[in-house]
Amino acid sequence: MAEYKKPLPAISTLNQPYWDGLKRRELTLQHCNECGKIWYPPAPFCPVCWSRNFAWQKLSGRGKVNSWVVFHQAYFSSFRDNIPYNVAEVELEEGPRLLTNLVAVDNDDIMIDMPVEIVFDDVTDEVTLAKFRPARKP
Amino acid sequence: MAAWNLKDKTAVCGVGHSPYGRRLNRSTIDLAGEAIRHALDDAGLGRDDLDGLIVSFGTPIGADADTLAYALGLKLKMYNQTWAHGRFTASCLQWAAMAVNAGLANAVACLTAISFSGFRRPMMGGAGDSEGAWEAGGGHGEDPVFGMTSPGAGAALVAQKYFARFGATSRQLAAVPVAFRKHASLNPTAIMREPITVDDHQNSRFVCEPLHLLDYCLINDGAACVIVTSSERARDLQKPPVYLSGMQGLPGGREEFIWTYPGFGTSQQDAFDYQPGLQPVYQMANVTPKDINALFTYDAFSILAWTALERFGFCGQGEAAAFTQEGRIEVGGALPMNTNGGLLSEGHMMGWNHQVEIVRQLRGECGPRQVANAQLIQWANAYGDSLIYRR
Ligand SMILES: [Zn+2]
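A quick note: this is a predicted structure, and the numbers were derived from the prediction, not measured. Along each chain, the written sequence defines residue order, and numbers are assigned to residues from 1. A letter from A marks each chain and a number from 1 marks each ligand, given out in the order of writing. Residue-level local features of this predicted model are given only where pLDDT is at least 70; pairs of side-chain atoms are given and counted only at 80 or more, and the full residue set underlies all totals for whole chains, interfaces and linings. Side-chain figures throughout are based on the complete set of non-hydrogen atoms in the structure, without hydrogens or water.

**Q** How should the pairing of strand S11 (residues 386-390) of chain B be read in this particular structure?
**A** On any regular strand, side chains alternate: one points to one face of the sheet, the next to the other face. All names here are of chain B. To sort residues, take the accessible area from a 1.4 Å probe on protein chains only and compare it with the maximum for the residue type: under 20% means buried, over 50% means exposed, and anything in between is partly exposed. Each helix corresponds to a stretch of at least 4 residues labelled H or I by DSSP, and each strand to a stretch of at least 2 residues labelled E; elements are numbered beginning at the N terminus. The element S11 is extensively covered by neighbouring structure, given that four of its five residues are classed as buried. The pairing criterion is simple: DSSP has to find at least two bridges between the two strands. Relative to S11, strand S8 (residues 242-248) runs antiparallel, the two sharing five bridges. Counterpart to Gln248 in the pairing with S11 is Ser386. Where strand S10 (residues 376-380) meets S11, five bridges bridge the pair, whose relative direction is antiparallel. Paired with Ile377 across the bridge in S11 is Tyr389.

**Q** In this structure, what is going on with empty space enclosed by the protein? I would like to understand it.
**A** In this approach a probe as big as a water molecule rolls over the atoms, and the regions it shows empty are the leftover space. Residues and elements named next belong to chain B. Space inside and on the surface of the protein is sampled on a 1 Å grid over the protein atoms alone, with a cavity defined as a set of points where a 1.4 Å probe fits but cannot get out and a pocket as an open set with protein on both sides within 12 Å along at least 5 of 7 lines; lining residues have an atom within 4 Å of a point. Grid points are joined across faces, edges and corners, and a volume is the space filled by probe spheres set on the points. Inspection of the entire model under this criterion finds one cavity of 30 Å³ or more. In this structure, the largest cavity occupies an estimated 30 Å³ of space. Every element with two or more residues in the lining of the largest cavity is listed here: helix H6 (175-184) and helix H12 (342-345). Here the lining of the largest cavity is composed, by residue class, of five nonpolar, one polar and one charged. Residues are grouped as follows: Ala, Val, Leu, Ile, Met, Phe, Trp, Tyr, Cys and Pro are nonpolar; Asp, Glu, Lys and Arg are charged; every other residue, Gly included, is polar.

**Q** Would you mind showing me how to read the sheet that holds strand S7 (residues 221-230) of chain B here?
**A** Sheets are built from strands paired through backbone hydrogen bonds, the pairs being either parallel or antiparallel. Residue and element names in this part refer to chain B. If you walk across this open sheet you meet the nine strands as S3-S2-S4-S7-S1-S8-S11-S10-S9, and the pairing is mixed. This sheet does not close on itself; its edge strands, each paired only once, are strand S3 (78-81) and strand S9 (294-296). Put simply, the sheet's adjacent strands are angled 25 degrees from each other on average, direction ignored. Pairing of S9 with S10, which is carried by three bridges, proceeds in the parallel orientation. Residue pairing in the sheet places Leu295 in a bridge with Gln378 of S10. Residue contacts are counted whenever heavy atoms from the two residues lie within 4.5 Å of one another. Geometry is summarised by axes, namely lines fitted to C-alpha atoms with helices restricted to the contacting stretch, and by angles between N-to-C directions that run from 0 to 180 degrees. Contacting strand S1 (10-17), strand S2 (52-55), S3, strand S4 (107-115), S7, S8, S10 and S11, helix H3 (residues 89-101) crosses the sheet at an angle of about 30 degrees to S7.

**Q** In this structure, what is going on with the domain arrangement of chain A? I would like to understand it.
**A** Note: interface size is frequently given as the accessible area lost on complex formation between the parts. Residues and elements named next belong to chain A. The domain limits used here are those given by an automatic or database domain assignment. The domain architecture assigned to chain A consists of domain 1 (13-59) and domain 2 (60-138). Between domain 1 and domain 2, the contact holds 12 residues from the first and 17 residues from the second. The contact between domain 1 and domain 2 buries some 1200 Å² in all, and 67% of this surface belongs to carbon and sulfur atoms. Ranking the residues of domain 1 by area buried against domain 2 places Lys23, Arg25 and Leu59 at the top, with a combined share of 45%. The quantity reported as buried area is the accessible area (1.4 Å probe) lost by two parts once they are put together, taken as the sum for both.

**Q** Honestly, the interface of chain B and chain A in this entry has me stumped. Any pointers?
**A** With 34 residues of chain B at the interface, the matching set in chain A holds 35 residues. Buried area between chain B and chain A, both sides added, is near 3000 Å², and the carbon and sulfur share of it is 57%. Area buried by chain B at its contact with chain A is led by Glu135, Val145 and Phe146 of chain B, which between them contribute 25% of it. Note on definitions: salt bridges are taken to be side-chain nitrogens of Lys or Arg within 4 Å of carboxyl oxygens of Asp or Glu. Here chain B and chain A share zero salt bridges between them. By the criterion applied in these results, polar contacts are pairs of N or O atoms within 3.5 Å in which, for protein atoms, one can donate a hydrogen and the other can accept it, and in which residues neighboring in sequence qualify only through two side-chain atoms. In this structure, the connection of chain B to chain A is made through 18 residue pairs in polar contact (both at pLDDT 80 or more). Of all elements in the fold, only helix H4 (151-166) and strand S5 (206-209) of chain B reach the threshold of two or more residues within the side of chain B that touches chain A. When residues in the side of chain B that touches chain A are grouped by element, the largest group, six residues, is from H4 of chain B. Its residues assigned to classes, the side of chain B that touches chain A comprises 16 nonpolar, 12 polar and six charged. Direction of pairing for strand S4 (residues 62-71) of chain A relative to S5 of chain B: antiparallel, over a ladder of two bridges. Its bridge partner being in S5 of chain B, Val70 of chain A is matched across the sheet by Glu209 of chain B.

**Q** Please clarify how the pattern of salt bridges should be interpreted in this entry.
**A** When charged atoms on two side chains of opposite charge get close, those side chains can pair. Residues and elements named next belong to chain B. Evaluated as defined, the whole model comprises 24 salt bridges over all chains. Measuring nitrogen to oxygen at the nearest pair gives 3.3 Å for the salt bridge that ties Arg390 to Asp8. Of this pair, Arg390 sits in strand S11 while Asp8 is found in the segment before S1, placing the two residues 382 residues apart along the sequence. Judged by relative accessible area, Arg390 falls into the partly exposed class, the value being 30%. Of the residues examined, Asp8 reaches a relative accessible area of 16% and is grouped as buried. Residue Glu256 is joined to Arg311 by a salt bridge in which the shortest nitrogen-to-oxygen separation is 3.0 Å. Placement of the pair is Glu256 in the loop between S8 and helix H9 (280-285) and Arg311 in helix H10 (residues 303-311), with a sequence separation of 55 residues.

So this is what it looks like as structure tokens:
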């Protein structure tokens, strides 16, 4: 694998299961067994009811574009060749929102509420990123 | 125990600042010293009258409170400092008011002294985006893994959603930087004084689309200082007191995203129709938004003027795009905003330049950009904190 120069995630004791899930090609987030809340970013207990009774649950990987931007300025030299690149905020079917890059779509064709689905991008041997593409017709 | 009623208990007795500029090539301790001396002179106080210091920002681009106390030979009974973000202007002034009211200090200098040009590493964007690399991302929605970096990118997310949800346009948003530049053209302290047009805004390059370069504030050097004391003492000093009449703190939690109001549906906020009600700042000051003669806001990005207006009920949700047209937010309009030129055109002094201007407006010292008969001026921000000043 060619050397990956873009920033890598800060993996911690809190979010390790999230990154382990992506490595297995599963999008997982914490789900509260008491009140049913599914949340992001990872937290030590349910941010709604404060229960510690939660489990990492596999999600559908489907969602919609809540908002998006296009970077025209190269803040990171590692993204310079990608300019202009998009960053989208995707609202998952289950509720939480994730920042991501939309792939397989022209920036000019991105729209709010556009249905999207997950694409797993193995950027290094250790790290897989959750990216999204326009949803295929079922 | 009843809550303190802080209404009109404390007042600003002096303001001062250094020159503002892109590259001043001066130490931040030097800039802070100049701002403090000017503020003390303005109040008619001496160095030894100052016994409290609250610093906004500090390391890595500003001077820290302990360093300043030492270098400037201050004799402090209390000092405090916020971490390196611009959002703490009202928080610092609220601490100062509480400290004076509690008898911890008699006169508290609140200030920022910064040098973006003296700090060579990119700050808050790109390689210097250390907060974005935290496990839960940065406080403005940064996530460098996907190239999402800089505070402006989170504001661009809000702008994109605002445009789509309310049918507003970038061309309408131009009214904000155009108005503030017009104000700056009347302000000799402002860094950017050449008037701009809506077309200039539309033709300026995208930084993080949909925001154009002219939607972004300046990055610069300088220092600004505000001195808070008891109202009783302020009445005996050389300038008329400017009272702190109302205040509300900086709200936090999952329903907050720094560049907009609850219910907007950015980051992890729930999406719902926001109704501000009468915000606590008005209840303390015993006034309503209709009584406010001029409004100042943290305009790091032009869209924040819209979300601040809606957050505090100056107009309804989705109405700020129309509200800010036709000169309404210019001097002479119904609600002048950021008459100093704001962070967009006077300079990015973390909002401290706005506090200096508010005080001068209420004293009637603003010359060609004076708001006629200004009695009540508000500092109110997209992120929800506020102060109401009264003369
Ligand atoms: Zn729960």
